[in-house]
Amino acid sequence: MPTIAVLSQKGGTGKTTTVRTLTDIFRRLGLRVLAVDLDPQGNLSDYLDVSPDVNPTLGEVLTGQATIQQAIHNDVVPANLGLAEAELMLGGKMGRELSLKRALRGVKDDYDLILIDCPPQLGLLTVNALVASDWALLSAEAQYFAMQGVEQALDVIELARESLNPDLKWLGVILNIADMRTRHSREAFESLRTHFGEKLLDTTVRSSIAYAESAERAVSIIDYRPDLGADYLNIADELLRRLGMPEAQARLGEFVADRMG
Ligand SMILES: Nc1ncnc2c1ncn2[C@@H]1O[C@H](COP(=O)(O)OP(=O)(O)OP(=O)(O)O)[C@@H](O)[C@H]1O
Ligand SMILES: [Mg+2]
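In this report, we go over the structure that sits alongside the text.

Each value, and the rule that gives it
- Residues numbered from 1 in each chain as written.
- Chains lettered and ligands numbered in written order.
- Predicted model: local features only at pLDDT ≥ 70, side-chain atom pairs only at ≥ 80, totals over all residues.
- Helix = DSSP H or I, 4+ residues; strand = E, 2+ residues; numbered from the N terminus.
- Rg over C-alpha atoms; globule rule 2.2 N^0.38 Å.
- Buried ≥ 20, exposed ≤ 12 C-beta atoms within 10 Å, placed from the backbone.
- Pairing = 2+ DSSP bridges.
- Near = placed C-beta within 6 Å.
- Nonpolar A, V, L, I, M, F, W, Y, C, P; charged D, E, K, R; others polar.
- Right-handed = clockwise from strand over helix to strand, strands pointing away.
- Axes fitted to C-alpha atoms, helices over the stretch in contact; angles between N-to-C directions.
- Contact = placed C-beta atoms within 7 Å.
- Expected span 1.5 Å × (residues − 1).
- Core = buried A, V, L, I, M, F, W, Y, C linked by C-beta atoms within 7 Å.

1. A look at the overall build of the protein chain
Helix and strand counts for the protein chain stand at 13 helices and six strands. Its C-alpha radius of gyration of 17 Å places the protein chain within 12% of the 18 Å reference for a compact globule of 261 residues. Expressed as a percentage of its 261 residues, the buried residues of the protein chain come to 44%.

2. Section: unusual backbone geometry
Here the residue pair Asn 55 and Pro 56 is connected by a cis peptide bond, since its omega of -5° sits within 30 degrees of zero. Phi is positive for Asp 49, which is not a glycine, with a value near 65°. Tracing the backbone through its elements, the reader meets Asp 49 in the loop between α2 (43-47) and α3 (58-62). The class for Asp 49 is exposed, based on 10 C-beta atoms found within 10 Å.

3. Considerations on the pairing of strand β1 (residues 3-7)
Taken across its five residues, β1 has five buried, putting it largely inside the fold. Across four bridges, the pairing between β1 and strand β4 (residues 113-117) is parallel. Residue pairing for β4: Ala 5 is matched across the bridge by Ile 116. Summarising the sheet, β1 and strand β5 (residues 135-141) pair through four bridges and their orientation is parallel. Looking across to β5, one finds that Val 6 is bridged to Leu 137.

4. Considerations on the site of ligand 1
Near ligand 1 you find 19 residues, and of these Gly 11, Lys 15, Thr 16, Thr 17 and Pro 120 are the closest. If you list the elements that add at least two residues to the shell around ligand 1, you get α1 (15-28) and α10 (210-216). Classifying every residue of the shell around ligand 1 by side-chain character gives six nonpolar, eleven polar and two charged.

5. Points about the pairing of β5
In terms of residue burial, β5 counts as a mostly covered element, since six of its seven residues are buried. Of the pairings in the sheet, the one linking β5 to strand β6 (residues 169-176) comprises seven bridges and is parallel in character. Counterpart to Ala 136 in the pairing with β6 is Trp 170. Traced from β5 through helix α8 (residues 146-163) to β6, the parallel crossover comes out right-handed.

6. What to know about the sheet that holds β4
One open sheet accounts for six strands, arranged β3-β2-β4-β1-β5-β6; its pairing is parallel. Only two strands of the sheet have a single neighbouring strand rather than two, namely β3 (76-77) and β6. Bridging between strand β2 (residues 33-37) and β4 involves five bridges; their strand directions are parallel. Bridging across to β4, Val 36 finds its partner in Ile 116.

7. Re the packing of α8 against helix α9 (residues 183-196)
One way to put it is that α8 packs onto α9 with a least axis distance of 9 Å and a crossing angle of 35°. Along its contact with α8, which presents Ala 146, Met 147 and Val 150, the element α9 presents Ala 188, Ser 191, Leu 192 and His 195. Of the residues assigned to the contact of α8 with α9, the class counts are five nonpolar, two polar and no charged.

8. Details of the environment of Lys 10
Looking at the element boundaries, Lys 10 is found in the loop between β1 and α1. You can call Lys 10 partly exposed: it has 18 C-beta atoms within 10 Å. Note: C-alpha distance between Lys 10 and Leu 239 (229 residues apart in sequence) is 22 Å. If we ignore the near neighbours within four places in the chain, the residues touching Lys 10 are Pro 120 and Gly 149.

9. Some points on helix α13 (residues 246-259)
With 14 residues, α13 extends 20 Å from end C-alpha to end C-alpha; this agrees with the ideal 20 Å at 1.5 Å per step. Gly 261 sits one or two positions beyond α13 and adopts a positive phi of about 65°.

10. Observations regarding the nonpolar core
Core analysis: the biggest nonpolar cluster contains 76 residues, and Ala 5, Leu 115, Ile 116 and Ala 129 have the highest contact counts within it. Ranked by the residues each element gives to this core, the list is headed by helix α7 (residues 124-132), at six residues. Once residues within four sequence positions are removed from consideration, Ile 116 is found in contact with Thr 3, Ile 4, Ala 5, Val 6, Val 36, Leu 38, Ala 129 and Ser 133.

None of this, on its own, says anything about what the molecule does.
Structural data, given as structure tokens:
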């Protein structure tokens with residue numbers, strides 16, 4: 001039952017879109033997926049159509065006011081601004097880095113996969129995600145400073161591994177929101193390949209306005225624009241291989257073949 005944290009050093013790299021789309025794809029393969037929104041912005045909760053009034057949310061769980069079971073709504077643990085408050089409260093507590101890990105312990109067996117959407121800072125919430133996870137998946141926007149962002153995120157992963165979670169593994173890095181017709185996207189890809197080798201996924205997620213549109217309409221990109229959605233299907237395939245989930249990978253192959261008729 002792998003738990004995967006999706007993170008990046010900076011904002012707007014496509015983390016939430018990645019978690020949302022992968023959650024959707026893996027569920028279509030019949031996997032039981034828990035999506036955890038670890039960002040006070042609550043974008044993932046929004047994308048996954050959780051009502052903004054829902055209660056309790058992750059903030060209540062981390063501050064001990066609710067159990068994780070109570071905070072699961074349609075297999076999503078949503079977040080809202082209350083999570084920012086919860087982060088502040090946690091800050092002064094012993095074992096503050098372990099709160100999410102402890103909370104998830106109670107539901108791990110109910111799911112085949114847990115995906116955690118991190119906020120755009122490498123702070124206490126992201127550290128909680130790294131401590132609670134088996135795998136870290138980095139998202140990097142195809143921009144000039146992609147490399148630096150990945151290196152900083154790797155430093156935090158290393159810290160989590162040295163101190164609190166020695167079993168944490170690096171699943172890979174996705175070059176996201178890429179336009180490979182431009183030189184800077186190609187350069188970002190090449191420099192990540194040179195530095196991180198096979199850790200960089202072969203598939204890049206192409207940049208398109210269709211992502212914002214599909215979010216607005218609450219339609220998955222794989223239905224809204226199947227041509228673009230193919231990127232995430234390929235990402236899912238690469239990830240399932242890395243995770244050692246051959247059965248799910250085979251089902252994905254069938255799913256893709258079916259869609260192509
Ligand atoms: N492949 C893509 N091409 C173009 N736009 C994209 C793509 N993926 C996501 N976007 C858009 O970019 C914006 C940021 O995406 P997203 O919310 O997934 O990033 P994030 O890393 O989670 O951001 P934050 O750091 O604020 O949490 C959104 O408007 C989203 O619709
Ligand atoms: Mg986000």
